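Commentary on secondary and tertiary structure
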Amino acid sequence: MAERGYHTLTLFALHMPARLFAGAGDTARDEALRAVLAPLDACLDEPIADCLATDADGRPCIEARTPPDLEAELGLPGGHIYHRDLSFPYGGADTGRWGVETRYPNVLLCGAGGKRGGGVSGIPGHNAAMALLGTPQRPT
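My aim in this report is to walk through the structure given alongside it, one point at a time. (Residues numbered from 1 in each chain as written. Predicted model: local features only at pLDDT ≥ 70, side-chain atom pairs only at ≥ 80, totals over all residues. Heavy atoms only, no water.)

**What to know about the overall build of the protein chain**
Looking only at helices and strands, one finds three helices and zero strands in the protein chain. Looking at the protein chain as a whole, 19% of its 140 residues qualify as buried. Taking all contacts inside the protein chain whose residues are at least 6 apart in sequence as the whole, residues at least 24 apart take part in 52%. (Helix = DSSP H or I, 4+ residues; strand = E, 2+ residues; numbered from the N terminus. Buried < 20%, exposed > 50% of the residue type's maximum accessible area, 1.4 Å probe, protein only. Contact = heavy atoms within 4.5 Å.)

**What to know about helix α3 (residues 123–133)**
Looking only at α3, the buried set comprises Pro 124, Asn 127, Ala 128, Met 130 and Ala 131. Down the axis of α3, the smallest arc covering the buried residues is 165°, so these residues share one side. α3 presents Leu 132 and Leu 133 as exposed residues on the side facing more than 90 degrees away from its buried surface. (Arc of directions from axis to C-beta.)

**Overview of a nonpolar patch on the surface**
On the surface, Leu 9, Leu 40 and Leu 44 cluster together into a nonpolar patch covering about 270 Å² of accessible area. Locating Leu 44 in the fold gives a position in the loop between α1 (25–42) and α2 (67–74). (Patch = residues over 30% accessible without salt bridge, like charges linked within 9 Å, V, L, I, M, F, W, Y side chains within 5 Å. Areas by Shrake-Rupley, 256 points an atom, 1.4 Å probe, with all protein chains shown as cover. Salt bridge = Lys/Arg side-chain N within 4 Å of Asp/Glu carboxyl O.)

**Considering the side chain of Thr 66**
Its location among the elements puts Thr 66 in the loop between α1 and α2. What makes Thr 66 buried here is its relative accessible area of 6%. Excluding residues within four positions of it along the chain, Thr 66 makes contact with Phe 21 and Arg 29.

**Section: the nonpolar core**
In this structure, Trp 98, Val 100, Ala 128, Met 130 and Ala 131 together form the largest nonpolar core, which totals five residues. Residues within four places of Ala 128 in sequence aside, it is in contact with Val 100, Leu 108, Leu 109 and Cys 110. (Core = buried A, V, L, I, M, F, W, Y, C linked by side-chain atoms within 4.5 Å.)

**Examining the environment of Gly 111**
Here Gly 111 lies in the loop between α2 and α3. Classification of Gly 111 as partly exposed rests on a relative accessible area of 28%. When the C-alpha positions of Gly 111 and Val 100 are compared, they lie 8.9 Å apart, and in sequence the two are eleven residues distant.

**Examining the pattern of salt bridges**
Tallied over the entire structure, the rule returns six salt bridges. Residue Arg 59 is joined to Asp 55 by a salt bridge in which the shortest nitrogen-to-oxygen separation is 3.1 Å. With a shortest N-O distance of 2.9 Å, Arg 65 and Glu 73 are connected by a salt bridge. Each of the salt bridges in this network shares a partner with another, and the network as a whole consists of Asp 26, Arg 29 and Asp 69.

**What to know about α2**
Within the span of α2, buried status applies to Pro 67, Asp 69 and Leu 70. Each buried residue of α2 lies within a common arc of 155° when the element is viewed along its axis, so the set occupies one face. Looking at the buried residues of α2, the elements they touch are α1. Gly 75 occupies a position one or two residues after α2 and carries a positive phi of about 75°.

Rendered as structure tokens:
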């Protein structure tokens, strides 16, 4: 593509619940894509569609993946890169002291699915270690 003067733009948007795409197929994906492009267009002097390369059939060269796509292609249940629905990090009564507790006293969440998140930062692992050691949580 470089020889033709094209560039790529990656937009990583989190997270649209899988239920929004249940049984809707490409229609829901197209609607979601329009919903993502609209605010981008609001910041530009011209619509982004006018700048996009098109394929042989005239369709814009945009790759979009929905939660059902991620589940089918990568095996992520519900398309959740964080292993479950996102939630406010400190909300709810079930967050536990460190946000890594489960209903099983000897099982702690050490990955991206920890209630207080952290993705790949290592924060859930730290919090699981602190919970295991019985360390009181410091106020944030």
